[in-house]
Amino acid sequence: MSIIFRSPLPEVELPETSIGEQVFRHAGVATDKVAFIDGPTGRSYTYGQIEELSRRMAGALVARGFRKGEVFAIMAPNLPEYAIAFHGVAIAGGVATTINPTYTAEEVEYQLNDAGAKYLLTISMFMGVASEAVAHSDVVEVYTIDESPEATPFTTLLSGEPIDQVPVDPHDLLVLPYSSGTTGLPKGVMLSHYNLVSNLAQGQHVLGLGDDEVIVAVLPFFHIYGMEVLMNGVMYWGATAVTMPRFDLEEFLSILQDHKVTRAYLVPPIILALAKHPIVDNYDLSALRQVFSGAAPLSAELAAEASARINAEVVQGYGLTETSPVSHATPPGQFKPGSIGVTVSNTEIRVVDPETGADLDRNEDGEIWIRGPQVMQGYLNKPEATKITIDEAGWLHTGDIGHVDDDDHFYIVDRLKELIKYK
């Protein structure tokens, strides 16, 4: 008999709608509020501008013959324009595939071809790699956010006639981030509007930002954590994000201080710097309320050390590209050292003995299985890999070993297999 652990948090309503309807819910009322600020230059876009430019881009794409379900690749660092590109594609009924800009030409070419991309957006710095990759793909046009003689300026897409959302089914594909999955080459993770909309709603009791909050967006938007929790999450909650195209400790600390950042979503190596680096003492980080760690395990000791030094809560969450990404997070004031938090709303978990397949109870270590509205549709064109990862009953087998304690907090203790590669 299955032993199913359900979230201790209240159920939330999961809207059957497009991603745009969710993230632009503040654009009408907070038109002039700043949504994104580019950390290094200070250039910014309001909620009204992001929505308007996304609609213009969608109009320009449709006018160019871009059809519903076609794939648009984005290979760029974190810039405010990333959100415009992502939502322009979504409004046009398209699918965005997000590419790591540090990839080699060979890796970029593989993803462009595997995803079936027709267009590519990048910046001039990566044009060498982009040109080489595009030569052996079906990409018909390359755009750059900044000026490059070898590409079409992104601004040409921003002067289209604005259009409304091309009608989509909430279960239509929205984005194809790539994950190494269980084995082999990176695989396109098929995530729908419903997956991402659901995961935003599921964060209500754990990740809810106040609209007065400022976050630093240093984790890459091409990765599901940055894309969904930072880029889309900030817009969903009506907060403000300061973007960083690359990590530099001094610039990062200056942004925390100068923009009075209230919340930072980070990874353990950056938290290590906050705990240990002498330069941290030179900055006023008093506005910071919480640091949220994800993408790799954070030790209880490091969390405590960083928390004491910066005088802010340091908590941990857990997720996978395959779960859009959040499945576990720490509710306010409920931090337990070493825990990844509790299961988010509308999500079920089983802990299964990898040897026998038997369900395990509390405080027993086994493979974590997840079922919920955030679980991917599958791997693109990889039915066998999909079958290995998601069983017939809809349980996603994470490959992570862990347990749940008597207070519904989960702990990851080991890996059965490498499911998510963290760079």
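Rules and cut-offs
Residues numbered from 1 in each chain as written. Predicted model: local features only at pLDDT ≥ 70, side-chain atom pairs only at ≥ 80, totals over all residues. Heavy atoms only, no water. Helix = DSSP H or I, 4+ residues; strand = E, 2+ residues; numbered from the N terminus. Buried < 20%, exposed > 50% of the residue type's maximum accessible area, 1.4 Å probe, protein only. Contact = heavy atoms within 4.5 Å. Core = buried A, V, L, I, M, F, W, Y, C linked by side-chain atoms within 4.5 Å. pLDDT = per-residue confidence, 0-100. Polar contact = N/O pair within 3.5 Å; in protein donor to acceptor, adjacent residues only side chain to side chain. Axes fitted to C-alpha atoms, helices over the stretch in contact; angles between N-to-C directions. Parallel < 35°, antiparallel > 145°, perpendicular 65-115°, else oblique. Left-handed = near helix turned anticlockwise from the far one by under 90°. Nonpolar A, V, L, I, M, F, W, Y, C, P; charged D, E, K, R; others polar.

Relative to the elements of secondary structure, Val 261 occurs in the loop between α8 (249-258) and β14 (263-266). Classification of Val 261 by relative accessible area gives buried; the value is 1%. Taking the C-alpha atoms as reference points, Val 261 and Val 242, separated by 19 residues in sequence, lie 8.5 Å from one another. Apart from residues lying up to four places away in sequence, Val 261 is in contact with Val 214, Ile 215, Val 216, Ile 255, Leu 256, Ala 287 and Leu 288.

Right, let's talk about the nonpolar core for a bit. The nonpolar side chains of a soluble globular protein tend to be buried, and buried together. In terms of nonpolar packing, the biggest core is built from 149 residues, with Phe 72, Leu 112, Leu 120, Phe 252, Leu 253 and Tyr 265 touching the most fellow members. If one sorts the elements of this core by residue count, helix α7 (residues 224-237) sits on top with 10 residues. Aside from chain neighbours lying at most four places away, what touches Leu 253 is Leu 274, Ile 279, Val 280, Tyr 283 and Leu 285.

Here the focus is the confidence of the model for the protein. Residues of the protein with pLDDT of at least 70 account for 98%, and the chain-wide mean is 95. Considering only residues more than four positions removed or in separate chains, one finds that residues 418-423, a stretch of pLDDT under 50, has 23 contacts.

What follows deals with α7. Across the 14 residues of α7, 14 count as buried, placing the element largely inside the fold. Where α7 ends, the next residue or the one after it, Gly 238, has phi of about 75°, a positive value.

Attention now moves to the environment of Arg 55. For Arg 55, the location among the structural elements is in helix α2 (residues 47-63). You can call Arg 55 partly exposed: its relative accessible area is 22%. Considering only alpha carbons, one finds Arg 55 and Thr 31, 24 residues apart in sequence, at a separation of 15 Å. Beyond its immediate chain neighbours, meaning those up to four positions away, Arg 55 contacts Ile 91, Glu 161, Pro 162, Ile 163, Asp 164 and Gln 165. Polar side-chain contacts of Arg 55 include one of 2.8 Å to the side chain of Glu 51.

Contact geometry of helix α4 (residues 105-115) with helix α5 (residues 127-134) gives a least axis separation of 8 Å together with a crossing angle of 50°. Our classification of the angle between α4 and α5 gives oblique. Considering the relative orientation of α4 and α5, their crossing is right-handed. Contact residues: Ala 105, Val 108, Glu 109 and Leu 112 in α4; Val 129, Glu 132, Ala 133 and Val 134 in α5. Looking at the contact of α4 with α5 residue by residue, the class counts come to 6 nonpolar, no polar and 2 charged.

Axes are the key here: two packed helices are described by the angle between their axes and the distance separating the axes. Interaxial distance between helix α3 (residues 80-91) and α7 falls to 11 Å at its minimum, and their mutual angle equals 90°. For the element pair α3 / α7, the angle class is roughly perpendicular. Across from Tyr 82, Ala 83, Phe 86 and His 87 in α3, the residues of α7 making contact are Met 227, Met 231, Asn 232 and Met 235.

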